[in-house]
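Coordinate inspection notes
Here's the letter readout for the chains.
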Amino acid sequence: MTDPAPRGLAFVGCFTTERRRARGRGIDIYRTGRDLGDWTHLGRVENLTNPSFLVTDPARAILYTVQGDGEAASAFALEPDGTLRGLGSAATGGTNSVHQALDPGGRFLIVANYASGSVALMPVRADGGLEPACQVLPLPGEPGPHRTEQACAHPHHVVLSPDGRHVIVPDKGLDRVFVLKLAGERLAIASETAMRPGAGPRHIAFHPHEPLAFLVNELDSSVATCRWDADAGALTPLHLVSTLPPDFFGASTAAAIAVTPDGRFVYASNRGQDGIARFRADPAGRLEPAGWTSSGGRDPRFMVLAPDGGHLLVANEQGDCLGAFAIDPESGDLTRTGSRPSLSPCTIAFL
């Protein structure tokens with residue numbers, strides 16, 4: 001009988017190419033502790049091109065990555081000794097695949113192809129490996145007003161709705177959020193929601209127990225609260241707030257968003273201002289700014305709640321470090337508890 005693969009691991013994907021001004025070497029594997037000071041480096045998967053986002057399949061102990069600026073997604077099986085065994089790569093049907101998610105049944109990997117403006121459906125084999133995309137769905141619409149960042153459709157995130165029946169795709173290029181329906185082996189557009197021209201929708205996170213979602217807009221550095229209608233598969237914008245301090249006048253773009261397990265606090269990261277904005281959320285989803293905390297490095301591209309729900313982990317891509325912050329359960333304030341060197345980190349996943 002094969003020993004079960006270990007759990008309590010963190011995987012950090014790092015940009016690797018000169019085009020990304022990167023210094024990273026692939027995917028780093030850590031045994032996790034309470035904060036970054038307790039993490040133990042177990043190894044690394046090298047010879048990868050920009051493993052820009054990572055997702056895990058806990059049921060099968062599989063890790064998936066896409067290639068920033070590339071055209072493929074890869075799968076790895078977690079071995080009993082904590083190493084990753086490659087299961088091969090497959091074509092995503094597009095370029096610069098930036099984010100992915102597994103469908104609820106684990107049958108497909110759904111991939112956002114940023115540069116080519118499409119969403120791909122990739123079959124998952126019984127062993128967790130990937131087959132080439134069986135469908136590539138172009139996202140239609142008029143580009144936004146930003147001449148360089150919105151030349152065409154740019155889907156940037158793939159998130160399942162809480163009931164798993166819909167796929168939410170913020171599109172930075174079209175100032176739209178698409179809601180897709182997976183029926184059988186095909187994706188179809190169920191609805192789309194317009195944001196302000198030039199907003200640049202990037203990432204979205206659902207409230208843990210209310211029919212609400214929080215959308216971070218990259219280009220105008222804002223967070224929009226949206227009402228979620230699960231039956232219709234539709235989002236309705238309700239409220240908008242800036243992620244930047246009122247006395248900040250420099251260049252900055254928003255990147256990541258996270259919501260605490262109780263739904264009381266929302267966090268957004270700013271690249272340029274290099275801080276984490278925190279908001280208090282009332283029961284209706286209206287966000288009240290509650291302050292800004294330094295991310296501890298340059299360009300906090302990604303952040304995620306630790307498995308304990310009480311810590312926020314931040315990947316400072318150009319600052320070459322990971323930061324850990326304890327979340328005060330009453331105020332939502334962030335207190336830095338640890339930092340770890342990491343070259344060009346851009347994503348973190350747990351298993």
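Residues numbered from 1 in each chain as written. Predicted model: local features only at pLDDT ≥ 70, side-chain atom pairs only at ≥ 80, totals over all residues. Heavy atoms only, no water.

With that settled, the discussion passes to the overall build of the protein. Broken down by element type, the protein carries 0 helices and 28 strands. Relative to the globule expectation of 20 Å for 351 residues, the C-alpha radius of gyration of the protein, 19 Å, shows essentially globular dimensions. Taken over the C-alpha atoms alone, the protein extends approximately 55 × 45 × 40 Å along its principal axes. Of all 351 residues assigned to the protein, the portion counted as buried reaches 59%. Counting contacts in the protein only where the partners sit at least 6 residues apart, residues at least 24 apart contribute 47% of the total. Just so you have it, the protein exposes about 13,700 Å², and 50% of that area is on carbon and sulfur atoms. The centroid of the 31 positive side-chain charges in the protein is displaced by 2 Å from the centroid of its 38 negative side-chain charges. (Helix = DSSP H or I, 4+ residues; strand = E, 2+ residues; numbered from the N terminus. Rg over C-alpha atoms; globule rule 2.2 N^0.38 Å. Buried < 20%, exposed > 50% of the residue type's maximum accessible area, 1.4 Å probe, protein only. Contact = heavy atoms within 4.5 Å. Areas by Shrake-Rupley, 256 points an atom, 1.4 Å probe, with all protein chains shown as cover. Lys, Arg positive; Asp, Glu negative; His and termini not counted. Charge placed at Lys NZ, Arg CZ, Asp CG, Glu CD.)

Summed over all chains, the structure comprises 4 aromatic pairs. Where Tyr-30 meets Trp-39, the ring centres are 5.3 Å apart and the plane angle is 45°; that geometry is what we call tilted. Overall, the relative accessible area of 6% leaves Trp-39 in the buried class. Ring centres of Trp-39 and Phe-350 lie 6.5 Å apart, and the angle between their planes is 90°; on these two criteria the pair is classed as edge-to-face. In this pair, Trp-39 sits in the loop between β2 (27–31) and β3 (40–45) while Phe-350 sits in strand β28 (residues 345–350), placing the two residues 311 residues apart along the sequence. Linked through ring pairs, Tyr-30, Trp-39 and Phe-350 together constitute an aromatic cluster. Residue placement shows Arg-20 over the ring face of Phe-15; its charged tip is 4.6 Å from the ring centre. (Phe/Tyr/Trp six-rings, centres within 6.5 Å; stacked < 30°, edge-to-face > 60°. Lys NZ or Arg CZ within 6 Å of the ring centre and 35° of its normal.)

Our next topic: the sheet that holds strand β20 (residues 253–259). Taken together, the 4 strands give an open sheet; going across it, the order is β20-β21-β22-β23, and neighbouring strands pair in antiparallel fashion. Sheet topology places β20 and β23 (287–294) at the edges, where each strand pairs with a single neighbour. Across the sheet, the axes of successive neighbouring strands diverge by a mean angle of 25°, strand direction being ignored. Bridge analysis of strand β21 (residues 265–271) against strand β22 (residues 275–281) gives 6 bridges, and the strand direction is antiparallel. Among the inter-strand pairings, Ala-268 is bridged to a residue of β22, identified as Ala-277. (Pairing = 2+ DSSP bridges. Axes fitted to C-alpha atoms, helices over the stretch in contact; angles between N-to-C directions.)

The next subject is the environment of Phe-206. Counting through the fold element by element, Phe-206 comes out in strand β16 (residues 201–206). The residues touching Phe-206, leaving out its near neighbours within four places in the chain, are Val-159, Leu-160, Ser-161, Pro-162, Ile-168, Leu-212, Ala-213, Trp-228 and Val-259.

Judged by nonpolar contacts, the single largest core of 31 residues is most densely connected at Trp-39, Tyr-64, Leu-109, Leu-130 and Leu-313. Counting 19 residues, the second-largest nonpolar core is a separate cluster that includes Leu-137, Leu-139, Val-169 and Leu-187. (Core = buried A, V, L, I, M, F, W, Y, C linked by side-chain atoms within 4.5 Å.)

In total, this model carries 21 salt bridges according to the counting rule given. For Asp-320, the salt bridge identified is with Arg-23, shortest N-O distance 2.9 Å. Note that Asp-320 is positioned in the loop between β25 (311–316) and β26 (321–327) and Arg-23 in the loop between β1 (9–14) and β2, a separation of 297 residues in sequence. In this structure, the salt-bridge partner of Asp-103 is Arg-107, at a minimum N-O distance of 3.7 Å. The class for Asp-103 is buried, based on a relative accessible area of 6%. Linked through salt bridges whose partners overlap, the residues forming this network are Glu-149, Lys-172, Arg-202, Glu-218 and Arg-271. (Salt bridge = Lys/Arg side-chain N within 4 Å of Asp/Glu carboxyl O.)

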